[in-house]
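The primary structure of each chain is shown beneath.
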Amino acid sequence: GKETTDATVYYSESELTDANYGSGSSVSPTLTDVGTKTVYYYVAVENGEPRKGNKDIVINKKEVRVSANNAEIVYGNEAIHDGVVYSGFVGGDSADTLQLNPTITIDYQKYEDVGRYSITPSLEDTDNYTFKMVGGTLKVNKKPVTFTWKYDSYVYDGTAKTVAATVKGLVNGDQVSVISSGYEQ
C-alpha cells in the first residue's frame, strides 16, 4: 500500500521559521482593498522536511466608467449638465458611499452659436478605484422668435394704413429685420 504523510500548513504576515511556525494560523491572511500583502507559509510535514516561503496577494484598482449625461438648451440660456452615470462599482460601493463629486466642464459660453459642445467630467482616483471619463454633448438649439403684427385691422377713415411687425424673444442684442412685401398702392 501507499504511505500517507500528514502535513499542516501555517500562515502568517511575518516570516515563519523552524523556531516560530507554531505561532502561525491555519487560515491565510486576506486582503480586501487595493494593495499588496506578503503571506508567509510553513508546511510542517510529519516524517519529512518542512517547506516554507512566501507569496504576495496583489489587488489592483478597479476601473469605473464615469459617463457625462447629454443635455440640451436653447440659444441664450446658460450651459447646463445633467450629471454623470457610474458603471463598475463593486462590494456595495457607490458614488454616494464614496462621497464622489466630479467636476463637470462644458466648452460652451452663453450666447455662443447654435451647435454641439463637449461636456467633460473629471474625478480623482480613490484608494480602490480608477475612473475612465466618457464625455457627453450639450446641444444648443435655435431660440424660437415670434412676430406679432400691430395694426392689422382698421375701420375705414379715408387715410392710408400700414402694418408693423414686432419681434419677440430676441436676446443679447440680436437683431432681426422684417421685410414685408406683396402690396403696392
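Up top is the structure.
Scoring rules and cut-offs
- Residues numbered from 1 in each chain as written.
- Predicted model: local features only at pLDDT ≥ 70, side-chain atom pairs only at ≥ 80, totals over all residues.
- Heavy atoms only, no water.
- Helix = DSSP H or I, 4+ residues; strand = E, 2+ residues; numbered from the N terminus.
- Polar contact = N/O pair within 3.5 Å; in protein donor to acceptor, adjacent residues only side chain to side chain.
- Contact = heavy atoms within 4.5 Å.
- Pairing = 2+ DSSP bridges.
- Axes fitted to C-alpha atoms, helices over the stretch in contact; angles between N-to-C directions.
- Salt bridge = Lys/Arg side-chain N within 4 Å of Asp/Glu carboxyl O.
- Buried < 20%, exposed > 50% of the residue type's maximum accessible area, 1.4 Å probe, protein only.
- Core = buried A, V, L, I, M, F, W, Y, C linked by side-chain atoms within 4.5 Å.
- Phe/Tyr/Trp six-rings, centres within 6.5 Å; stacked < 30°, edge-to-face > 60°.

Participant: Explain unusual backbone geometry to me, please; I cannot follow it from the model alone.
Facilitator: A negative phi angle characterises most non-glycine residues, just as the trans form characterises most peptide bonds. Positive phi is not limited to glycine here, since asparagine 47 has a value of about 60 degrees. Secondary-structure assignment places asparagine 47 in the loop between strand E2 (35-45) and strand E3 (51-59). The phi dihedral of tyrosine 111 falls on the positive side, at around 80 degrees, and the residue is not glycine. With respect to the helices, strands and loops of the structure, tyrosine 111 is situated in the loop between strand E7 (103-106) and strand E8 (115-122).

Participant: Just to check I follow, could you spell out the side chain of lysine 37 for this structure?
Facilitator: Summarising the element assignment, lysine 37 is placed in strand E2. Within polar-contact distance, the side chain of lysine 37 engages the backbone oxygen of threonine 30 at 2.7 Å. Beyond its immediate chain neighbours, meaning those up to four positions away, lysine 37 contacts Glu13, Pro29, Thr30, Leu31, Lys55, Asp56 and Ile57.

Participant: Sorry, what's going on with the sheet that holds strand E6 (residues 84-87) here?
Facilitator: Paired through backbone hydrogen bonds, the strands of a sheet run either parallel or antiparallel to each other. Spatially, the three strands line up as an open sheet ordered E6-E4-E9, and their pairing is mixed. The open sheet is flanked by E6 and strand E9 (129-134), the only strands paired with a single partner. Here the strands of the sheet are splayed against their neighbours by 25 degrees on average, with no regard to which way each runs. Both strand E4 (residues 62-68) and E9 contribute to a ladder of six bridges, which runs parallel. Within E9, the position partnered with valine 66 by the bridge is methionine 133.

Participant: I'm lost on the pattern of salt bridges in this one. Help?
Facilitator: Oppositely charged side chains can form a pair if their charged atoms are brought close together. As enumerated under the stated definition, the model contains four salt bridges in all. The partner of glutamate 78 in a salt bridge is lysine 110, and the shortest N-O contact between them spans 3.7 Å. One end of the pair, glutamate 78, is in the loop between strand E5 (71-74) and E6; the other, lysine 110, is in the loop between E7 and E8, with 32 residues separating them in the sequence. For glutamate 78, a relative accessible area of 51% corresponds to the exposed category. Since its relative accessible area comes to 33%, lysine 110 is described here as partly exposed. Measuring nitrogen to oxygen at the nearest pair gives 2.8 Å for the salt bridge that ties aspartate 157 to lysine 161. Looking at aspartate 157, the relative accessible area reads 46%, which means it is partly exposed.

Participant: Before we go on, may I ask you to explain the nonpolar core in this structure?
Facilitator: In globular proteins that are soluble, nonpolar side chains generally tend to be buried together. Core analysis: the largest hydrophobic core is formed by 20 residues, its most contacted members being Phe89, Tyr108, Ile119, Phe131, Leu138 and Val140. When contributions to this core are tallied by element, the ones reaching two or more residues are E4, E5, E7, E8, E9 and strand E10 (136-141). The dominant element in this core, judged by the number of residues it contributes, is E4, at three residues. In this structure, phenylalanine 131 is in contact with Val64, Val66, Phe89, Leu100, Leu123, Glu124, Asp125 and Thr126, ignoring residues within four places of it in sequence.

Participant: So what exactly am I meant to see when it comes to the packing of aromatic side chains here?
Facilitator: We describe a pair of aromatic rings using the distance from one ring centre to the other and the angle between the two ring planes. Tallied over the entire structure, the rule returns six aromatic pairs. Ring centres 4.3 Å apart and planes at 5 degrees place the aromatic pair tyrosine 21 and tyrosine 42 in the stacked group. In this pair, tyrosine 21 is assigned in the loop between strand E1 (7-12) and E2 and tyrosine 42 in strand E2, connecting sequence segments 21 residues apart. Look at tyrosine 42 and you get buried, because its relative accessible area is 4%. When the centroid spacing of 5.1 Å and the interplanar angle of 85 degrees are considered together, the rings of phenylalanine 89 and tyrosine 129 count as edge-to-face. Here phenylalanine 89, found in the loop between E6 and E7, pairs with tyrosine 129, found in strand E9; they are 40 residues apart in sequence, far enough to count as distant. As far as the burial class goes, phenylalanine 89 and tyrosine 129 line up, both buried.

Participant: Is there a simple way to explain the sheet that holds E5 in this structure?
Facilitator: Here four strands make up an open sheet; going across it, the order is E5-E10-E8-E7 and the pairing mixed. Of all strands in the sheet, those bounded by a partner on one side alone are E5 and E7. Averaged over all pairs of adjacent strands, the angle between their axes in this sheet comes to 25 degrees, without regard to strand direction. When E8 meets E10, the two strands line up antiparallel, connected through five bridges. Residue pairing in the sheet places serine 118 in a bridge with threonine 137 of E10.

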